[in-house]
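Observations on the three-dimensional arrangement
Listed below are the residues making up each chain.
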Amino acid sequence: MSELLTPSQTVGPYFAMRLPWPGGPYVVEPETPGAIAILGRLYDGVGDPIPDGLIETWQADPNGRFAHPNDPRGPILDGDRAFRGFGRCPTNHDGSFKIVTLKPGALPFGDGRTQAPHIDVSVFARGMLDRSVTRIYFPDEGAANAADPVLGVVPADRRGTLIAAGGEDGLLRFDIYMQGPDETVFFDL
Amino acid sequence: MTMSEQGLMVPDSGKLVLPEYAKPQPGNHPPLDSQDYKSTALRHPKQPLVLLPQRLTEVTGPLLGDDLITMQDADLTTQHGGEPQGQRIIVFGQVRDSGGRPVPDTLIEIWQTNAAGRYRHTREHHPAPLDPNFTGVGRAITDQGGHYRFITIQPGSYPWGNHYNAWRPAHIHYSLFGRAFTQRLVTQMYFPGDPLLPFDPIYNSVPDDKAKARMVAEFSIEDTQPEWALAYRFDIVLRGREQSLFEEAHE
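All residue numbers refer to positions counted from 1 along the written sequence of the respective chain. Key to labels: chains lettered from A, ligands numbered from 1, both in the order written. pLDDT decides what is reported in this predicted model: residues at 70 or higher carry local features, side-chain atom pairs at 80 or more are listed and counted, and totals for whole chains, interfaces and linings draw on all residues regardless.

Another aspect to go through is the overall build of chain A. What chain A contains, in helices and strands, is one helix and 12 strands. Radius of gyration here is computed from C-alpha atoms only, and the compact-globule reference equals 2.2 Å multiplied by the residue count raised to the power 0.38. In terms of overall size, chain A behaves like a compact globule, its C-alpha atoms giving a radius of gyration of 17 Å where 189 residues would be expected to give roughly 16 Å. The dimensions of chain A, computed from C-alpha atoms along their principal axes, are 50 × 40 × 40 Å. We call a residue exposed when 12 or fewer other C-beta atoms sit within 10 Å of its C-beta, buried when the count reaches 20 or more, and partly exposed for counts in between; the C-beta positions come from the backbone. By the burial criterion, 48% of the 189 residues in chain A qualify as buried. The contacts of chain A with a sequence gap of at least 6 include a subset with a gap of at least 24, amounting to 70%. Helix numbering and strand numbering both begin at the N terminus, where a helix is a DSSP run of H or I of at least 4 residues and a strand a DSSP run of E of at least 2. Two residues qualify as a contact pair if the distance between their C-beta atoms, derived from the backbone, is within 7 Å.

When you go through chain B residue by residue, the secondary structure sums to two helices and 16 strands. Seen through its principal axes, chain B has C-alpha atoms that stretch 70 × 40 × 35 Å. Across the 251 residues of chain B, 43% fall into the buried class.

Below, the discussion takes up the sheet that holds strand β12 (residues 185–190) of chain B. All names here are of chain B. One open sheet accounts for four strands, arranged β7-β6-β11-β12; its pairing is antiparallel. Bordering the open sheet on either side are β7 (137–141) and β12, each of which pairs with just one other strand. Looking at each pair of strands side by side, their axes are set apart by 20° on average, direction ignored. Two elements, strand β11 (residues 171–176) and β12, share six bridges in a ladder whose sense is antiparallel. Across the sheet, the residue bridging to His171 is Tyr190, located in β12. Only when DSSP finds a minimum of two bridges between them are two strands counted as paired. Note on definitions: angles span 0 to 180 degrees between N-to-C directions of axes, and those axes are lines fitted to C-alpha atoms, for helices only across the stretch in contact.

On to the environment of B:Val103. Residue and element names in this part refer to chain B. In this fold, Val103 is placed in the loop between β5 (88–97) and β6 (107–111). Given 22 C-beta atoms within a 10 Å radius, Val103 is considered buried. For the pair Val103 and Phe92, spaced 11 residues apart in sequence, the C-alpha to C-alpha distance is 14 Å.

A:Ile136, B:Leu176 and B:Leu238 are the most contacted members of the largest nonpolar core, which totals 82 residues. Sort the elements by how many residues they give to this core and strand β7 (residues 118–125) of chain A lands first, with five residues. The next biggest cluster of nonpolar side chains, apart from the first, holds 11 residues, and it includes A:Ala60, B:Tyr21, B:Ala180 and B:Phe181. For this analysis, nonpolar core means a set of buried Ala, Val, Leu, Ile, Met, Phe, Trp, Tyr and Cys residues linked through C-beta atoms within 7 Å.

Here we take up the pairing of strand β14 (residues 230–233) of chain B. All names here are of chain B. The pairing of β5 with β14 spans four bridges and is classified as parallel. Note that in β14 the partner of Ile90 across the bridge is Ala231. Note that strand β13 (residues 218–219) and β14 share two bridges and pair antiparallel. Within the sheet, the bridge partner assigned to Phe219 lies in β14 and is Tyr232.

What follows is about the interface of chain B and chain A. With 78 residues of chain B at the contact, the number on the chain A side is 67 residues. For the side of chain B that touches chain A, the secondary structure elements donating two or more residues are β1 (8–9), β4 (50–51), α1 (56–59), β6, β11, β12, α2 (209–213) and β15 (236–238) of chain B. Here the term charged refers only to Asp, Glu, Lys and Arg, the term nonpolar to Ala, Val, Leu, Ile, Met, Phe, Trp, Tyr, Cys and Pro, and the term polar to all other amino acids, Gly among them. Here the side of chain B that touches chain A is composed, by residue class, of 37 nonpolar, 26 polar and 15 charged. Pairing geometry for strand β12 (residues 187–188) of chain A and β4(B), over two bridges, is parallel. The residue of β4(B) that forms the bridge with A:Asp188 is B:Leu51.

The next subject is the confidence of the model for chain B. Taken over all residues, the pLDDT of chain B has a mean of 92, while the share at 70 or more is 94%. Contacts for the low-pLDDT stretch residues 245–251 of chain B, under 50 throughout, to residues beyond four places or in other chains number eight contacts. The quantity known as pLDDT measures the predictor's confidence residue by residue, on a range of 0 to 100.

Our next topic: unusual backbone geometry. Residues and elements named next belong to chain B. Unlike most non-glycine residues, Asp105 shows phi in positive territory, near 50°. Along the chain, Asp105 falls in the loop between β5 and β6. With 15 C-beta atoms packed within 10 Å, Asp105 lands in the partly exposed category. Residue Asn165 is not a glycine yet carries a positive backbone phi of 60°. Positionally, Asn165 belongs in the loop between β9 (158–159) and β10 (167–168).

To continue, consider the pairing of β11(B). All names here are of chain B. The buried count for β11 comes to six of six residues, which makes it a mostly enclosed element. Here β11 shows a buried face lined by His171, His173 and Ser175 and a second buried face lined by Ile172, Tyr174 and Leu176. As paired elements, β6 and β11 share four bridges and run antiparallel to each other. Residue pairing for β11: Ile108 is matched across the bridge by Leu176.

Turning next to the environment of A:Asn145. Residues and elements named next belong to chain A. The topology assignment puts Asn145 in helix α1 (residues 142–146). Asn145 sits in the buried class, given 20 other C-beta atoms within 10 Å. Setting aside its immediate chain neighbours within four residues, Asn145 contacts Ala116, Tyr137, Leu151 and Ile163.

This is how it looks when you write it as structure tokens:
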């Protein structure tokens, strides 16, 4: 019935010609009240930084809503334009990336349960034939994280790879390990 | 059971009915660990993936567009003071989902080499000439029927270090968002009859031959503009929405 999909291919080493743009890492301007910065590094299987990767983030607004037709609740507008929710940052020579955003709100799972605040992440790089998908959770949401239906199915000894560290001064740390003893949990979407 | 074209809320129940995007068939996408493409070795997850149910964050996605685009973005031959070197081509097509529905208003980003096989990038050291009149980057947004169109230059082949005498077949990189996080796709468009295709580990990383063929554009004599440019059709198929179960909220 359904058509075959166009297959995924790697972004290759030269995506930086096109994909990054100056405001890409800034989901909101840094001076926005409540702005947080998520800093991290992307590492390969021998612990070397990946200098030619691309991190993309997608998340709900601080009310846990999306300005998108598939969210039947819609956004609560408190400004001229809806929160865009999308961040994009190429990794630096040392594998580092930074996303400046607002912390998303908790949101319904759809069956009566609640999802803890989270950010969906796509990881692209030369040497990756398809994106790898992970999630960022927040360190100051202990109770919500413990009740989160997605974290709940992640093996307990690996859950920590999905929870950012820090939290003081709005600075969070989220390193991504493609392999190794600290391999980040990646999802089958 | 009903068809959910977009998210619905079941009154007074707290339940949401969300669209569900079909899983790719086995062999449709390349494996992340692909021995012949050597750089995958240290860059693929080794632990089993955890199933992520498609909920609000996954069935929504960035709807980017107007503020990122100018008219010139879709014509890679007019971005500088003069005409670029090489064969002028029109690359066009339709973005649709696997259920055959057009995907409208979605951002497409492309990048490619110039006619000599050289990327305009600081890490590129292939000793082929740069073209002062060609950058090799474009953007377009699909129309209501999912259609898009670029004017560009036939890209060249170039050597890479994967194995002895490795050359990439000519290609154009494509990045698409679709309408949901589940539909995000980065791919490459290849040219029909390229003699390098059988030798390319990236193209051949896709297990299913019919899926692999989806990445090869079709030459279109009908859409060629006489005395001016050749034309290639490249349709792109993203994950489609499936029928989702509508569970009645029982008292």
